[in-house]
Amino acid sequence: MEKSNDLTKILLPYAKKNLWVALSVDRKKVVGSGKTPREALKEAEEKKVERPTLIQAIPDYSGFVPLTK
């Protein structure tokens, strides 16, 4: 089972603007960002990052992530 990453700290600056971000393969750093997924992906490609993970940074993920006890 894959260990989950807490992305709160790295996504916070982007969440304030609801930007799309491209994350490194290990999902530990932002390698691209933009108003659209295409902009975020383009920035990651310019940095020669292969297979980034795209996600929209939003202020609250509670509706998307199941809460655990």
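The notes below deal with the structure included here. (Residues numbered from 1 in each chain as written. Predicted model: local features only at pLDDT ≥ 70, side-chain atom pairs only at ≥ 80, totals over all residues. Heavy atoms only, no water.)

## As for the overall build of the chain
- Looking only at helices and strands, the chain has two helices and three strands in total.
- Order of helices (α) and strands (β) in the chain, N terminus to C terminus: α-β-β-α-β.
- Taken across its 69 residues, the chain has 26% of its residues classed as buried.
- Considering only contacts in the chain between residues 6 or more positions apart, those separated by 24 or more positions represent 33%. (Helix = DSSP H or I, 4+ residues; strand = E, 2+ residues; numbered from the N terminus. Buried < 20%, exposed > 50% of the residue type's maximum accessible area, 1.4 Å probe, protein only. Contact = heavy atoms within 4.5 Å.)

## Observations concerning the nonpolar core
- Counting residues in hydrophobic clusters, the biggest one holds seven residues: L7, L11, A15, V21, L23, V30 and A57.
- Those elements that provide at least two residues to this core are helix 1 (8-15) and strand 1 (20-23).
- With residues up to four places along the chain from it excluded, the contact list for L7 reads L23 and R27.
- Counting five residues, the second largest nonpolar core, distinct from the first, contains A22, V31, A40 and A44. (Core = buried A, V, L, I, M, F, W, Y, C linked by side-chain atoms within 4.5 Å.)

## Some words on the side chain of S24
- Along the chain, the position of S24 falls in the loop between strand 1 and strand 2 (30-34).
- The exposure class assigned to S24 is buried, which follows from its relative accessible area of 7%.
- A distance of 2.5 Å separates polar atoms of two side chains, one belonging to S24 and the other to D26. (Polar contact = N/O pair within 3.5 Å; in protein donor to acceptor, adjacent residues only side chain to side chain.)

Any link to function would need more than the numbers given here.
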